Amino acid sequence: MTEPTPPDAPTAPDAVPFGFRNVAPEDKSGLVRGVFDSVSSRYDIMNDVMSGGLHRLWKDAMVRRLRPRPGEHVVDVAGGTGDIALRILEPFRDAAVTARPRVTVLDINESMVRVGRDRAFDRGFIAGLEWGCCDAQALPLPDGCADAYTVAFGMRNMTDVPAALREARRVLRPGGRFLCLEFSRVTPTLAPLYDAYSFRLLPVMGRVIARDAESYRYLAESIRTFPAQDAFAEMITAAGFGRVGYRNLSGGIVALHAGWRT
Ligand code: SAM
């Protein structure tokens, strides 16, 4: 069994973490794409199994905080199989298209988008929902086009987090809201149990259910290399957001960060 180990010492000044390995910046997005290509067909079931269904509550909390309103344009980045988008639209299921929010789901990975699109179609969500493939660090959207920007469990996969945050600010209109749900640092009492779960049980579950232990090892490692709550809040502020704050969920397993486009 592998115990948690600190990331390698950087081998090059511009190296970026991919789990506990340091890789060249130009290699990271391809490696991340490989992870999600590998898990896309089993991604939704694995989320339920791995989190014991908690990811549903975390995502519900994010959408409650967002309070999407009719006519608003929400951009959900790293939207994957559409969990956030479908939660945003569900309460408006019976409303006319003009009386719903409009959601644009963007993700770098075609296979995740394909699963999401099929799922949305099966659930009858077609109008008011757009899908696209792109990198969060270069969004194909005009300045100030969005009332809200959401990203759930995507930020830690970015090669250049400050660049992704700058793009979030660029596409938001002044006064637009930024919400990020991401795995974070657990309270010290929870840490031993959480480490045992992440580094012992998770890869086994990944191997048995998704037939892919490595991708789930990456998940555990990428959580440990992402900035902790306060450090990430500072990065959001540095990107030009105001009134930045966060709320821990489930003892800090996840943090919901929020800010306003000034
Ligand atoms: N938001 C969804 C959810 O909460 O279920 C999916 C989260 S999944 C853990 C992370 C997603 O981030 C994957 O779909 C992956 O393809 C996407 N992703 C990774 N790097 C990205 C990037 N640079 N730009 C856009 N999407 C990216």
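Residues numbered from 1 in each chain as written. Predicted model: local features only at pLDDT ≥ 70, side-chain atom pairs only at ≥ 80, totals over all residues. Heavy atoms only, no water.

K.L.:
Can you help me understand the overall build of the protein chain in this one?
P.N.:
Across its full length, the protein chain carries nine helices and nine strands. Computed over C-alpha atoms, the radius of gyration of the protein chain comes to 18 Å, within 12% of the 18 Å expected from 2.2 N^0.38 for 262 residues, which places it in the range of a compact globule. Once the C-alpha set of the protein chain is aligned to its principal axes, its extents read approximately 55 × 40 × 35 Å. Relative to its 262 residues, the protein chain shows a buried fraction of 51%. (Helix = DSSP H or I, 4+ residues; strand = E, 2+ residues; numbered from the N terminus. Rg over C-alpha atoms; globule rule 2.2 N^0.38 Å. Buried < 20%, exposed > 50% of the residue type's maximum accessible area, 1.4 Å probe, protein only.)

K.L.:
How do you make sense of a positive patch on the surface when you look at a structure like this?
P.N.:
Taken together, the side chains of R64, R65, R243 and R247 make up a positively charged region of the molecular surface. Of note, R65 is situated in helix α3 (residues 54-66). Note on R65: relative accessible area 47%, which makes it partly exposed. (Patch = residues over 30% accessible without salt bridge, like charges linked within 9 Å, V, L, I, M, F, W, Y side chains within 5 Å. Areas by Shrake-Rupley, 256 points an atom, 1.4 Å probe, with all protein chains shown as cover. Salt bridge = Lys/Arg side-chain N within 4 Å of Asp/Glu carboxyl O. Lys, Arg positive; Asp, Glu negative; His and termini not counted. Charge placed at Lys NZ, Arg CZ, Asp CG, Glu CD.)

K.L.:
Explain helix α6 (residues 161-171) here, please?
P.N.:
Among all positions of α6, only V161, A163, A164, L165, E167, A168 and V171 are buried. The elements touched by buried residues of α6 are β6 (146-152), β7 (172-183), α9 (229-238) and β8 (241-249). (Contact = heavy atoms within 4.5 Å.)

K.L.:
Even after reading the chapter, I still don't get the site of the ligand, so can you show me in this structure?
P.N.:
Every one of the 18 residues lining the ligand counts as a neighbour, but Y43, A78, D107, A136 and A152 are closest to it. In this structure, an oxygen atom belonging to the ligand sits 2.9 Å away from a side-chain N or O atom of Y43. With respect to the ligand, the side chain of D107 contributes an N or O atom lying 2.6 Å from an oxygen atom. Computed on the free molecule, the ligand has an accessible area of 600 Å², of which 97% lies beneath the protein chains in the complex. When grouped by side-chain class, the residues that make up the shell around the ligand number 11 nonpolar, four polar and three charged. (Near = heavy atom within 4 Å. Polar contact = N/O pair within 3.5 Å; in protein donor to acceptor, adjacent residues only side chain to side chain. Nonpolar A, V, L, I, M, F, W, Y, C, P; charged D, E, K, R; others polar.)

K.L.:
Even after reading the chapter, I still don't get the pairing of β8, so can you show me in this structure?
P.N.:
Regular strands place their side chains on alternate faces of the sheet. Relative to strand β9 (residues 254-261), β8 runs antiparallel, the two being bridged by seven bridges. Looking at the pairing, F241 lines up with R261 of β9. Two successive antiparallel strands, β8 and β9, enclose a turn made up of four residues, where S250 displays a positive phi of approximately 50°. (Pairing = 2+ DSSP bridges.)

K.L.:
Any chance you could explain helix α1 (residues 25-39) here in plain terms?
P.N.:
Residue pairs spaced three or four apart in an α-helix point in one direction, given the helix's 3.6 residues per turn. Under the 1.5 Å per step criterion, the end-to-end length of α1 is 23 Å for 15 residues, consistent within 8% with the ideal 21 Å. K28, V32, V35, F36 and V39 are the residues of α1 that are buried. Taken down its axis, α1 places every buried residue within 85° of arc, on the same side. In this structure, the buried residues of α1 make contact with β1 (16-18), β2 (21-23), α2 (43-51), α5 (110-122) and α8 (213-225). (Expected span 1.5 Å × (residues − 1). Arc of directions from axis to C-beta.)

K.L.:
I'm lost on the side chain of S184 in this one. Help?
P.N.:
For S184, the location among the structural elements is in the loop between β7 and α7 (191-209). The exposure class assigned to S184 is buried, which follows from its relative accessible area of 4%. Of the polar contacts made by the side chain of S184, one reaches the side chain of Q229; its length is 2.9 Å. Leave out the neighbours within four places in its chain, and S184 touches I223, A228, Q229, G252, I253, V254 and A255.

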